[in-house]
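Results of the structural survey
Each chain, letter by letter, is given below.
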Amino acid sequence: MAKIIAANWKMNKLRSEAEDVAKVLGQAIRDKKVPADRTIMVFPPYLSLPPVAKALEGCERTLVGAQNFYPEESGAFTGEISLPMIQDAGAHWVLVGHSERRHILMESDEFIAKKTKYALDHGFGVVLCIGETLEEREGGKLNEVLARQISTALEPLPFDVQTLEKSLMIAYEPVWAIGTGKVAGEKEVLEAHGLVKELLGKHSVLPVLYGGSVKPGNAASLLALDNVDGLLVGGASLAAESFLAIINA
Ligand code: 13P
């Protein structure tokens, strides 16, 4: 199965900077300088969606998404962005449940579940992020936290695995490994991904990506682990050179 390599640019880059990186990526993809068994995803900030989508237009196996959205079509939701606006900007995927939205913006499991269902119901693809804090891990709560995050988001979904398989991915991102330089060790990634696949139950065909301090130097060994179907990359996806090195790992 093709490995999925996704870039989450978070709140970084002006439009022109985002466009420049996307153009380099687009050229590399068109010139077939990336392996055929890779699916590439890019999640730029909202304002950079149009130039990034344009730069990657027509690139094979390449998807563009937004980092967030509000689950209503339009109306009095000051500061929010709807799915039709995102679609109009050229993107068809969304990140949901990222730890920064759970912990900094205080999004609840219930709101994340609502957003997941809403996006899927409206024809968008979703990368659903899950993961435990260090405190939860050290308190022996890994299983409980992942089970709660998975079941609240997946239980309301109508079960049609063939449709879901094309439009839903899980990203396991241990909070303590995000932006800290502390990549989870092989044993921890194997254990957590095995657990996520088990907790997914009837949804276990969904791809499960790993995220948290992925770099060009550790990407190949992470991708080689059982049940790691791809990578969700923050800091190391900001420069085209290092993101391409991860894609080619
Ligand atoms: P870093 O790769 O910077 O640790 O970020 C991971 C992440 O949160 C991707 O969504």
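One can find the structure itself at the top, above this paragraph.
In short, a report on the structure. Residue numbers run consecutively from 1 along every chain, following the written order of its sequence. Owing to the predicted nature of the model, reporting of local features is limited to residues with pLDDT of at least 70; listing and counting of side-chain atom pairs is limited to 80 or more, with chain, interface and lining totals taken over all residues. Side-chain figures throughout are based on the complete set of non-hydrogen atoms in the structure, without hydrogens or water.

This part is about the packing of aromatic side chains. Only rings of Phe, Tyr and Trp enter the pairing, Trp through its six-membered ring, and a pair is recorded when the two centres are within 6.5 Å. The plane angle decides the type: under 30 degrees is stacked, over 60 is edge-to-face, the rest tilted. Enumeration according to the criterion identifies 4 aromatic pairs in this entry. Ring centres of Tyr 70 and Phe 77 lie 4.8 Å apart, and the angle between their planes is 35°; this geometry places the pair in the tilted category. The buried label goes to any residue with under 20% of its type's maximum accessible area, the exposed label to any with over 50%, and the partly exposed label to all in between, with areas taken from a 1.4 Å probe on protein chains only. We classify Tyr 70 as partly exposed; its relative accessible area is 23%. A ring is scored as having a charge over it whenever the NZ atom of a lysine or the CZ atom of an arginine sits within 6 Å of its centre and within 35 degrees of its normal. In this structure, Lys 13 is placed above the aromatic ring of Trp 9, and the distance from its NZ or CZ to the ring centre is 5.5 Å. Lys 115 extends its terminal NZ or CZ atom over the ring of Phe 69, reaching a point 5.5 Å from the ring centre.

Turning to the pattern of salt bridges, a few remarks are in order. For this document, the term salt bridge refers to a Lys or Arg side-chain nitrogen within 4 Å of an Asp or Glu carboxyl oxygen. Counting across every chain of the model gives 13 salt bridges. Arg 38 is the partner of Asp 37 in a salt bridge, and the nearest nitrogen-oxygen pair spans 3.5 Å. Taking relative accessible area as the criterion, Asp 37 reaches 40% and is therefore assigned partly exposed. Overall, Arg 38 belongs to the buried group, its relative accessible area being 8%. Arg 61 is the partner of Glu 60 in a salt bridge, and the nearest nitrogen-oxygen pair spans 3.3 Å. Given a relative accessible area of 48%, Glu 60 falls into the partly exposed group. In the salt-bridge network here, residues are joined through shared partners; they are Lys 32, Glu 60 and Arg 61.

This next bit is on the layout of surface pockets. Here the term cavity refers to a set of points on a 1 Å grid, laid over the protein atoms alone, in which a 1.4 Å probe fits but cannot get out; the term pocket refers to an open set having protein on both sides within 12 Å along at least five of seven lines, with lining residues being those that place an atom within 4 Å of a point. Grid points are joined across faces, edges and corners, and a volume is the space filled by probe spheres set on the points. The space that makes up the largest pocket amounts to roughly 440 Å³. Lining the largest pocket are 16 residues; nearest its centre among them are Lys 10, Met 11, Gln 67, Asn 68 and Arg 101. When the residues that make up the lining of the largest pocket are grouped by side-chain class, the tally is 7 nonpolar, 5 polar and 4 charged. Volume-wise, the second largest pocket comes out at about 160 Å³. Every residue along the wall of the second largest pocket is listed here: Leu 120, Asp 121, Gly 123, Phe 124, Leu 157, Pro 158, Asp 160, Thr 163, Leu 164 and Ser 167. Helix and strand definitions here come from DSSP, where helices need a minimum of 4 consecutive H or I residues and strands a minimum of 2 consecutive E residues; each element is numbered from the N-terminal end. Of all the secondary-structure elements, those providing two or more residues to the lining of the second largest pocket are helix H5 (109-121) and helix H8 (161-167). If you tally residues by element for the lining of the second largest pocket, the top one is H8, at 3 residues. Polar here means any residue other than Ala, Val, Leu, Ile, Met, Phe, Trp, Tyr, Cys and Pro, which are nonpolar, and Asp, Glu, Lys and Arg, which are charged; Gly is therefore polar.

On to the site of the ligand, then. We call a residue near a given molecule or strand whenever any one of its heavy atoms falls within 4 Å of it. Around the ligand sit Asn 8, Lys 10, His 98, Glu 173, Ala 177, Ile 178, Gly 179, Gly 212, Ser 213, Leu 232, Gly 234 and Gly 235, and that is every residue in its neighbourhood. Polar contacts, as counted here, are pairs of nitrogen or oxygen atoms within 3.5 Å of one another; within protein the pair requires one atom able to donate a hydrogen and one able to accept it, and residues that are adjacent in sequence qualify only if both atoms are side-chain atoms. Within the backbone of Ser 213, one N or O atom sits 2.8 Å away from an oxygen atom of the ligand. A distance of 2.8 Å is found between an oxygen atom of the ligand and a backbone nitrogen or oxygen belonging to Gly 235. Contact with the protein chains removes 96% of the 310 Å² of surface that the ligand exposes when unbound. In terms of residue class, the shell around the ligand is made up of 3 nonpolar, 7 polar and 2 charged. Computed by Shrake-Rupley with a 1.4 Å probe, the accessible areas treat only the displayed protein chains as cover when residues are assessed.

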